[in-house]
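A structural walkthrough
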Amino acid sequence: MKYKFFCDFDGTVTKEDVIDRILEEFADPSWMDIEQAWVNGEIGSRDCLAMQTRLIKAKECDLLDFVEGIEIDETFIDFTRYCKSKSFNLMILSDGIDLFIESILTRYGLNDIRVFSNGLRSTAEGYEMFFPYFREDCLSRGGICKCKIMEELSSPEGTNILVGDGRSDFCIARKADLTFAKSTLLDFCRAENIPHIEHREFRDVLKWLRD
């Protein structure tokens, strides 16, 4: 069986949501009002993130120093090694920010993993988001259309497996052949009768593979 793993990052690979931690530390508190508008369905995650990052008041070096304290699920390292040994495709699909994702992966020696995410650039006024994987027809109104990427990378002989935890994974969970879910994604899969397996860490996914 040829497996393709599509993994969320914030709260799935990492132990906490990187963007939330950045906003809590460096952004004007009004970012929480924008967050609530997203939770209420008034805006999509793309617009939410674009507005929130404009509220960050810190130098890029300070942001990168801060994410040095963000830890990953250590069992993700063994999982990536196993996937590599079996030639399983593994990629990260994240509605987060490439600057932070790449910094964290590099720290753990995992910078060879293919990443699809949003971008962040410094401007004279602060920060500006850009969205190379945005699609106008994206049903989740996310910065990155995870469903489209899975569709483009799928093959007839492959089995698409999602590993995720939150709202940005709801749409793609309907498309995946199997989903490893936790947190709000687990509740969603149960409510929508989507084929899934509950997981707490990547050790659970690895055990399923070995079994």
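In this text the structure is predicted, and so the values were computed from the model without any measurement. (Residues numbered from 1 in each chain as written. Predicted model: local features only at pLDDT ≥ 70, side-chain atom pairs only at ≥ 80, totals over all residues. Heavy atoms only, no water.)

Counting secondary structure elements, the protein chain contains ten helices and seven strands. Scaling as 2.2 N^0.38, a compact globule of 211 residues should have a C-alpha radius of gyration of about 17 Å, and the protein chain matches this with 17 Å. Counting only C-alpha atoms, the protein chain reaches 50 × 35 × 25 Å along its principal axes. Burial statistics for the protein chain: of 211 residues in total, 54% are counted as buried. Taking the contacts inside the protein chain whose residues are at least 6 apart along the sequence as the reference set, 59% of them involve residues at least 24 apart. (Helix = DSSP H or I, 4+ residues; strand = E, 2+ residues; numbered from the N terminus. Rg over C-alpha atoms; globule rule 2.2 N^0.38 Å. Buried < 20%, exposed > 50% of the residue type's maximum accessible area, 1.4 Å probe, protein only. Contact = heavy atoms within 4.5 Å.)

Right, let's talk about unusual backbone geometry for a bit. Even without glycine at this site, R141 takes up a positive phi of about 55 degrees. Relative to the assigned elements, R141 resides in the loop between β4 (127–130) and α7 (146–153). At S183, a position not held by glycine, the phi torsion is positive, near 55 degrees. Among the residues examined, S183 registers a relative accessible area of 46% and is labelled partly exposed.

Here we come to the nonpolar core. In terms of nonpolar packing, the biggest core is built from 56 residues, with F5, I22, I56, F76, F79 and F100 touching the most fellow members. F6, L93, I172 and A181 belong to the second-largest nonpolar core, a separate cluster that totals 21 residues. (Core = buried A, V, L, I, M, F, W, Y, C linked by side-chain atoms within 4.5 Å.)

Moving on to the packing of helix α4 (residues 60–67) against helix α6 (residues 98–107). Contact geometry of α4 with α6 gives a least axis separation of 10 Å together with a crossing angle of 45 degrees. Classified by the angle their axes make, α4 and α6 are oblique. Between α4 and α6 the crossing geometry is right-handed. Of α6, the residues touching α4 (which contributes E60, L63, L64 and V67) are L99, F100, S103, I104 and R107. For the contact of α4 with α6, the class distribution of residues is six nonpolar, one polar and two charged. (Axes fitted to C-alpha atoms, helices over the stretch in contact; angles between N-to-C directions. Parallel < 35°, antiparallel > 145°, perpendicular 65-115°, else oblique. Left-handed = near helix turned anticlockwise from the far one by under 90°. Nonpolar A, V, L, I, M, F, W, Y, C, P; charged D, E, K, R; others polar.)

Right, let's talk about the packing of aromatic side chains for a bit. Following the criterion strictly, the structure yields eleven aromatic pairs and no others. Sitting over the face of the ring of F134, R46 holds its NZ or CZ atom 4.0 Å from the ring centroid. Above the face of the W38 ring, R167 is positioned so that its terminal group lies 4.8 Å from the ring centre. (Phe/Tyr/Trp six-rings, centres within 6.5 Å; stacked < 30°, edge-to-face > 60°. Lys NZ or Arg CZ within 6 Å of the ring centre and 35° of its normal.)

We now examine the sheet that holds strand β7 (residues 196–198). Two orientations exist for strands paired in a sheet by backbone hydrogen bonds: parallel and antiparallel. Taken together, seven strands build an open sheet; the order of strands is β4-β3-β2-β1-β5-β6-β7 and the sheet is mixed. Each edge of the open sheet is held by one strand with a lone partner, namely β4 and β7. Taken pair by pair, the neighbouring strands of this sheet meet at an average axis angle of 25 degrees, ignoring direction. Across four bridges, strand β3 (residues 114–122) lies against β4 in antiparallel orientation. Note that in β4 the partner of R121 across the bridge is E128. Its contacts with the sheet place helix α10 (residues 202–210) against β1 (2–7), β5 (158–164), β6 (178–181) and β7, and it is angled at close to 170 degrees to β1. (Pairing = 2+ DSSP bridges.)

Looking now at the pairing of β6. Of the two faces of β6, the one carrying L178 and F180 and the one carrying T179 and A181 are both buried. Inspection of the sheet shows β6 paired to β7 by three bridges, in the parallel sense. Its bridge partner being in β7, T179 is matched across the sheet by H196. Taken together, β6, helix α9 (residues 183–192) and β7 form a β-α-β motif whose crossover is right-handed. (Right-handed = clockwise from strand over helix to strand, strands pointing away.)

Let us now look at the pattern of salt bridges. Overall, the coordinates contain 16 salt bridges when judged by the stated rule. Among the salt bridges present, the one from E68 reaches R107, with a minimum N-O distance of 3.6 Å. You can see E68 sitting in the loop between α4 and α5 (75–85) and its partner R107 sitting in helix α6, a full 39 residues away along the chain. On the accessibility criterion, R107 (30% relative accessible area) is partly exposed. Among the ionic contacts, a cluster of salt bridges with common partners joins D8, K146 and D169. (Salt bridge = Lys/Arg side-chain N within 4 Å of Asp/Glu carboxyl O.)

Attention now moves to helix α2 (residues 31–39). Taken together, the buried positions of α2 are W31, I34, E35, A37 and W38. For α2, the angular spread of buried residues about the axis comes to 160 degrees, placing them on one side. A positive backbone phi angle near 80 degrees is found at G41, which sits one or two residues after α2. (Arc of directions from axis to C-beta.)

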